[in-house]
Amino acid sequence: TMHVPSLTTGTQNINRKHELVLLIVAGTGVVAVPQIMHHASMETCFGVRPPVKGPVSVIYSCRRDDALLISEMANWCRDGFIQRCVVAITDPKPSAAVFPYIKDVDVEASFGEKIPNASSIIKGRLSVNILQAELKKLKEPLRVVITGPEGFNGAVRSMLEQIGVGLDAITILSA
């Protein structure tokens, strides 16, 4: 369970003074995005005011045949609820698709030209260089929430440590 507004899973490493929330998600870990957006919106939060007060940015890593919640994230960018959204997209697996008759999501068309400063589509895997470039654009201190498959979570944590993001700023959720 993740605590709000600290966006941590326990009482250790809580840094409540973050200016911005960066969600780094992959695969089904993307479900954390609408959950956190729920706590950042006056219309959907449970309290008198939203507990997540700072801007939210998202880096989403996915395969073209498994791109979930793309239209929702594009709409949140358009509406200003997500400050920045980067989608790192890879080609589908060469093996047979799970749902072969369902068309892949057109990520580029979903984001379109209507939100040029708030989004970017990167063809390829998430890397240290991509993370470093995005972190330079974001206001500190920040809370980084990583959620995806175990291997993804470990790789992103390692990349963030290489860049110099402190462990006290990182929360990892299993997807």
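Before going into details, it helps to say that this report is about the structure given with it. Residues take numbers from 1 onward in each chain, read along the sequence in its written order. Local features are withheld for residues below a pLDDT of 70 in this predicted model, meaning they are given only at 70 or higher, and side-chain atom pairs are given and counted only at 80 or more; totals for whole chains, interfaces and linings count all residues. Hydrogens and water are ignored here; the side-chain numbers use all heavy atoms of the structure.

Every axis corresponds to a line fitted to the C-alpha atoms, with the helix fit spanning only the stretch in contact, and the corresponding angles, defined between N-to-C directions, vary from 0 to 180 degrees. Each helix corresponds to a stretch of at least 4 residues labelled H or I by DSSP, and each strand to a stretch of at least 2 residues labelled E; elements are numbered beginning at the N terminus. For the pair helix 4 (residues 128–136) and helix 5 (residues 150–163), interaxial distance at closest approach is 10 Å and the crossing angle is 60°. With respect to helix 5, the axis of helix 4 lies oblique. When you trace helix 4 past helix 5, the crossing you get is right-handed. Every residue of helix 5 that contacts helix 4 at Val128, Leu131, Gln132 and Leu135 is listed here: Val156, Met159, Leu160, Gln162 and Ile163. By residue class, the composition of the contact of helix 4 with helix 5 is seven nonpolar, two polar and no charged. Between 65 and 115 degrees an angle is taken as roughly perpendicular, under 35 as roughly parallel, over 145 as roughly antiparallel, and anywhere else as oblique. Whether a crossing is left-handed or right-handed is set by the direction in which the near helix is turned from the far one by less than a right angle, anticlockwise for left-handed and clockwise for right-handed. Working rule for contacts: check all heavy atoms of both residues, and any pair within 4.5 Å makes them a contact. Each residue receives one of three labels: charged for Asp, Glu, Lys and Arg, nonpolar for Ala, Val, Leu, Ile, Met, Phe, Trp, Tyr, Cys and Pro, and polar for the others, Gly being one of them.

Each reported salt bridge corresponds to a side-chain nitrogen of Lys or Arg within 4 Å of a carboxyl oxygen of Asp or Glu. Per the stated rule, a full pass over the model turns up six salt bridges. Note that arginine 84 is salt-bridged to glutamate 134, the shortest N-O span being 2.8 Å. Separated by 50 residues along the polypeptide, arginine 84 in strand 3 (residues 82–90) and glutamate 134 in helix 4 bring together distant segments of the chain. Across the pair, glutamate 134 and arginine 84 agree in class, each one buried. Throughout this description, buried means an accessible area under 20% of the type-specific maximum (1.4 Å probe, protein chains only), exposed means over 50%, and partly exposed covers the range between. Of the residues examined, glutamate 134 reaches a relative accessible area of 6% and is grouped as buried. A cluster of three or more residues bridged by salt bridges with shared partners is formed by Arg64, Glu108 and Lys123.

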